[in-house]
Amino acid sequence: MPKRNNEHISISDALKEFVETNKLEKGLNKVNVADAWVKLMGNGVNNYTTSVSLDRNTLYVQLSSSVLREELSYGKQKIIDMLNEELGKEIIKKLILR
């Protein structure tokens, strides 16, 4: 019989357990990564971002400005670090700007 009386589980732990149990994490990561991109990059970059997608641990970002793509390519590692920090785990290993 499971002991319930004084074993408190936080909602976030319960959700995390549910997500891991049900293998939803990959889908959630994709949503979270896109949200993190929008939040961290700001309107200047988001106005030129046509799509953000995560495939395994590579983030693909489609940009409509070649100038911006060139500019962002110099700070790829910094962008990866910022996004991973925002996500609270190391999801992104590689960033491809197209």
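Look up: the structure comes first, before these words.
Residues numbered from 1 in each chain as written. Predicted model: local features only at pLDDT ≥ 70, side-chain atom pairs only at ≥ 80, totals over all residues. Heavy atoms only, no water.

Caption draft 1: A look at the overall build of the chain. What the chain contains, in helices and strands, is four helices and three strands. The linear arrangement of helices and strands in the chain, starting from the amino end, is α-α-β-β-α-α-β. (Helix = DSSP H or I, 4+ residues; strand = E, 2+ residues; numbered from the N terminus.)

Caption draft 2: Layout of the nonpolar core. Trp37, Leu59, Leu72 and Ile92 are the most contacted members of the largest nonpolar core, which has 19 residues in total. Put simply, the parts of the chain that give this core at least two residues each are helix H2 (25–46), strand S2 (58–63), helix H3 (66–73), helix H4 (76–87) and strand S3 (94–97). Ile92 has contacts with Val33, Leu54, Asn57, Leu59, Ile80, Leu83, Asn84 and Leu87, leaving out every residue within four places of it along the chain. (Core = buried A, V, L, I, M, F, W, Y, C linked by side-chain atoms within 4.5 Å. Buried < 20%, exposed > 50% of the residue type's maximum accessible area, 1.4 Å probe, protein only. Contact = heavy atoms within 4.5 Å.)

Caption draft 3: The arrangement of the pairing of S2 in detail. In terms of strand pairing, strand S1 (residues 49–55) meets S2 through six bridges, oriented antiparallel. Its bridge partner lying in S2, Thr49 is registered against Leu63. As paired strands, S2 and S3 are joined by four bridges and run parallel to one another. Bridging from a neighbouring strand, Leu59 pairs with Leu95 of S3. (Pairing = 2+ DSSP bridges.)

Caption draft 4: View of the sheet that holds S1. Here three strands make up an open sheet; going across it, the order is S1-S2-S3 and the pairing mixed. The sheet terminates laterally at S1 and S3, the two strands that pair on one side only. Adjacent strand axes in the sheet meet at a mean angle of 15 degrees when their direction is disregarded. Packed onto the sheet, H2 meets S1, S2 and S3 and runs at close to 150 degrees relative to S1. (Axes fitted to C-alpha atoms, helices over the stretch in contact; angles between N-to-C directions.)

Caption draft 5: Representation of the pattern of salt bridges in the model. Enumeration over the complete set of coordinates arrives at three salt bridges. When the shortest N-O distance is used, the salt bridge between Lys39 and Glu86 registers 2.8 Å. Taken together, the residues span a long stretch of sequence, with Lys39 in helix H2 and Glu86 in helix H4 at a distance of 47 residues. Overall, the relative accessible area of 58% leaves Lys39 in the exposed class. Relative accessible area serves as the criterion here: at 35%, Glu86 is assigned to the partly exposed category. (Salt bridge = Lys/Arg side-chain N within 4 Å of Asp/Glu carboxyl O.)

Caption draft 6: A look at the environment of Val52. Among the structural elements, Val52 can be located in strand S1. Assessed through its relative accessible area of 24%, Val52 is described here as partly exposed. Linking Val52 and Leu97, residues 45 residues apart in sequence, is a C-alpha distance of 9.6 Å. Apart from the residues lying within four places of it in its own chain, the contact partners of Val52 are Val33, Ala34, Trp37, Leu59, Tyr60 and Val61.

Caption draft 7: Broad picture of the side chain of Thr58. Within the fold, Thr58 resides in strand S2. Beyond its immediate chain neighbours, meaning those up to four positions away, Thr58 contacts Ser53, Lys94 and Ile96.

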